[in-house]
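# Analysis of the macromolecular model
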Amino acid sequence: MTLLVTIRVALKALGRNKLRTALTMLGMIIGVAAVITMVALGRGAQQEIETQIQSAGTNLIRVRAGNFRRGGVSMGVGGAPTLTVEDVEAIRREVPGARYLAAGVSTRDQVIAANRNWNTQIEGTDVELPLIRIWDVETGVFFNPSHVRSAAKVAVLGSVVRDNLFGEGADPVGERIRIRNQSFQVLGVMAPKGTGGFGQDQDDTIFVPYTTVQKKLRGRDGTNISGITISADSPDNVNPVADEITAVLRAQHGIPPGEPDDFMVRTQTDITTMRSQMTQTMTGLLAGIAGVSLIVGGIGIMNIMLVSVTERTREIGLRMALGAKGRHVLWQFLVEAIVLSLVGGVVGIGLGFGVSESLTRVLLWPTAFPADAVALAVGFAAAVGIFFGFYPARQAARLDPIDSLRFE
Amino acid sequence: MPVIAVRDLAKTYSTGAVEVRAVRGVNLDIEAGEFVAVVGPSGSGKSTFMHILGCLDRPTRGSYELEGRDVSRLTRDQLADIRNTKIGFVFQGFNLLARTSALENVELPLLYRGPSVRGAERRRRALAMLDAVGLADRVDHMPNQLSGGQQQRVAIARALVNDPAILLADEPTGNLDSTTSREVLDLFRQLNA
């Protein structure tokens, strides 16, 4: 008996009891659909995080003043007055791989324009920031080096701040806003960038020269900065450049070997890796739970196949009386189980695809169709069919023809 | 040489403490072309004897040679081959596959034949057999759409489709009324002629 004939015999047997066949498949369908949906959701989340982190800037290295690992008292990152403009100049001089640098010092305050006001992040930075973060100015211009030198009272608005102070889509270039009772001139508006890697709204911010924050917005006049944003000249160079920066800053600050840094250097890769690990764990967990339902589906198939073997004992006896060998019967039932799980698996993939698509459409959850998970699910479905189908099939193959024919 | 040669054939069932000696030392030769009836009261071991002749069951003692070959000590698979190619068996209760057409029921033994028979050839032979038992116009009917006599004729066609050396029928008219019984027995005589 050829495999093709076996498959046809199995399909006919399944077709004789359509409702039961459909119900048996349902377990498999739901199991596979759950796995596909969970993995699709997990992948979607991961992809979104990756694009968010990429949107922060490429080859990005951030230096923050202070180090929570230093001393008995935590100063908080950015809180310790350990970074200065001289450090920025030292890095610019001694680390050629650091292509763009921007000193940063930020504050938070109420911003007032005519009759509206808005509380937002005021980010003091340098002229190279748009290059580092790959962030265009939508209307107007970014401030220039002379603004920084003179601590000019100029500002470039994030699109959310513009929307809240001047109305959506308004052109505020040339208008004036007030921060801490001082009048700032609006130079431009940044293009919308969306949510950042940690869920913060990157567009809810105002950029001003860091010197202006130091001299005009913070009470004290000083040369301290809270951080430096750096762009390395190539992705491969990010880690070497980060190491060089660490060395330069340790020399600048006169930290003897063995003592901890009084600053923190973080690269884009660190952040990406951390977030990816988090979502991978979540995806694995969810897929694992969904996998349990796959196994339950497989047990359902075994259950039905066992019932089916008992119910069709006379049929098996008859087939044997007509010359079917043990292996013919074994294959017939095994193929039935595999068809159940494979067809269930394929329908489950369709359903899982449909569910994740509608999650994306209706709830706007990002999903990514996982091609490898689909292959895995089909393979797993077939394996479940073989594994859970084998025992009932072997039971059937071992039956004695005459006992089976007498079976009531 | 006889087709069937049985020597001192016995079958004993042991169900717990009780031993049932269903067949006790039968000696029998049947030549090709013979038409033989086994008669006896209910419970006298007719069916058990038929099952052993049909290679569905094995004797506990004695020998059974089918076409000169001792079949009482063959493996399960060897017995399956013999049932498939040498023996046609007709049961009292028809034993047709439900929800399966007469044609497909008759094709069934051909599915399990050693060198596989192609689909078209299976169909041709099954149709010829159904024609031989007078059911050419019922090939696509399901068993539940056929009368008892017609069902038994499908079963006979199925038993003959592999051109066996012997045709065994265990009370083939037991489930049929007297008129239909006569028809079925006439069919057997006709086939034997």
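Residues numbered from 1 in each chain as written. Chains lettered and ligands numbered in written order. Predicted model: local features only at pLDDT ≥ 70, side-chain atom pairs only at ≥ 80, totals over all residues. Heavy atoms only, no water.

### Notes on the packing of aromatic side chains
Residues and elements named next belong to chain A. By the definition in use, this model includes 5 aromatic pairs over all chains. Geometrically, the ring pair formed by Trp 135 and Phe 207 is edge-to-face, given 5.5 Å between the ring centres and 90° between the ring planes. Taken together, the residues Trp 135 in the loop between helix H4 (129-132) and strand S5 (137-140) and Phe 207 in strand S9 (residues 205-209) connect sequence positions 72 residues apart. One aromatic cluster is present, built from ring pairs that chain together Trp 135, Phe 142, Phe 143 and Phe 207. (Phe/Tyr/Trp six-rings, centres within 6.5 Å; stacked < 30°, edge-to-face > 60°. Helix = DSSP H or I, 4+ residues; strand = E, 2+ residues; numbered from the N terminus.)

### Here's the deal with a nonpolar patch on the surface
Residues and elements named next belong to chain A. Taken together, Leu 3, Ile 7, Leu 11 and Trp 331 make up a surface patch of nonpolar side chains, about 370 Å² in accessible area. The greatest single-element share of the nonpolar patch, amounting to 3 residues, is contributed by helix H1 (residues 3-15). As for its placement among the helices and strands, Leu 3 is situated in helix H1. Residue classification places Leu 3 among the exposed positions, given a relative accessible area of 53%. (Patch = residues over 30% accessible without salt bridge, like charges linked within 9 Å, V, L, I, M, F, W, Y side chains within 5 Å. Areas by Shrake-Rupley, 256 points an atom, 1.4 Å probe, with all protein chains shown as cover. Salt bridge = Lys/Arg side-chain N within 4 Å of Asp/Glu carboxyl O. Buried < 20%, exposed > 50% of the residue type's maximum accessible area, 1.4 Å probe, protein only.)

### Side note on the pattern of salt bridges
All names here are of chain A. One pass over the full model with this rule turns up 25 salt bridges over all chains. Its salt-bridge partner being Arg 93, residue Glu 94 comes within 3.7 Å of it at the nearest N-O pair. In this structure Arg 93 comes out as exposed when scored by relative accessible area, which is 60%. One salt bridge in this structure joins Glu 336 and Arg 312, with 2.8 Å as the shortest N-O distance. Here Glu 336, found in helix H11 (residues 326-362), pairs with Arg 312, found in the loop between helix H9 (268-311) and helix H10 (313-321); they are 24 residues apart in sequence, far enough to count as distant. With respect to burial, Glu 336 and Arg 312 carry one shared label: buried. Within the structure, one salt-bridge network assembled from shared partners comprises Arg 312, Glu 315, Arg 319 and Glu 336.

### Overview of empty space enclosed by the protein
Summed over the entire model, instances satisfying the criterion amount to 4 cavities of 30 Å³ or more. The calculated volume of the largest cavity comes to roughly 190 Å³. If you trace the largest cavity, you find 14 residues lining it, with Val 9 and Lys 12 of chain A together with Glu 104, Leu 108 and Leu 111 of chain B closest to the centre. Within the residue set of the lining of the largest cavity, elements represented by two or more residues are H1 of chain A together with helix H3 (102-111) of chain B. Ranked by the residues each element gives to the lining of the largest cavity, the list is headed by H3 of chain B, at 5 residues. Classifying every residue of the lining of the largest cavity by side-chain character gives 5 nonpolar, 2 polar and 7 charged. (1 Å grid on protein atoms, 1.4 Å probe; cavity = no way out; pocket = protein on both sides within 12 Å on 5 of 7 lines; lining within 4 Å. Points joined across faces, edges and corners; volume = space filled by probe spheres on them. Nonpolar A, V, L, I, M, F, W, Y, C, P; charged D, E, K, R; others polar.)

### Considerations on the domain arrangement of chain B
Interface size, as often reported, equals the accessible area lost upon joining of the parts. All names here are of chain B. Annotation of chain B at the domain level lists domain 1 (1-74) and domain 2 (92-193). Here the C-alpha centroids of domain 1 and domain 2 sit 25 Å apart. Taken together, the contact between domain 1 and domain 2 spans 14 residues of the former and 9 residues of the latter. Carbon and sulfur atoms make up 68% of the area that domain 1 and domain 2 hide from each other, which totals about 820 Å². At the junction of domain 1 and domain 2, the tally comes to 0 salt bridges. Seen at the junction of domain 1 and domain 2, the total is 2 residue pairs in polar contact (both at pLDDT 80 or more). Of all the secondary structure elements, the ones that give two or more residues to the side of domain 1 that touches domain 2 are helix H1 (46-53) and strand S3 (61-66). (Domains from an automatic or database assignment. Contact = heavy atoms within 4.5 Å. Buried area = accessible area lost by both parts, 1.4 Å probe. Polar contact = N/O pair within 3.5 Å; in protein donor to acceptor, adjacent residues only side chain to side chain.)

### A short note on the domain arrangement of chain A
Taken domain by domain, chain A comprises domain 1 (3-52 + 276-406) and domain 2 (83-261). Using C-alpha coordinates to define each centre, domain 1 of chain A is positioned 56 Å away from domain 2 of chain A.

### Things to note about the pairing of strand S3 (residues 98-113) of chain A
The side chains of a regular strand alternate between the sheet's two faces. All names here are of chain A. As defined by bridge partners, S3 adjoins strand S11 (residues 227-232) across 6 bridges and the pair is classed as antiparallel. Note on S11: the bridge partner recorded for Leu 101 is Ile 230. Two elements, S3 and strand S4 (residues 116-125), share 9 bridges in a ladder whose sense is antiparallel. If you follow Ile 112 over to S4, its bridge partner there is Asn 117. Linkage of S3 to S4, two consecutive antiparallel strands, is achieved through a turn of 2 residues, within which Ala 114 is found at a positive phi near 50°. Of the pairings in the sheet, the one linking S3 to strand S7 (residues 176-179) comprises 2 bridges and is antiparallel in character. Residue pairing across strands places Val 111 opposite Ile 179, the latter belonging to S7. (Pairing = 2+ DSSP bridges.)

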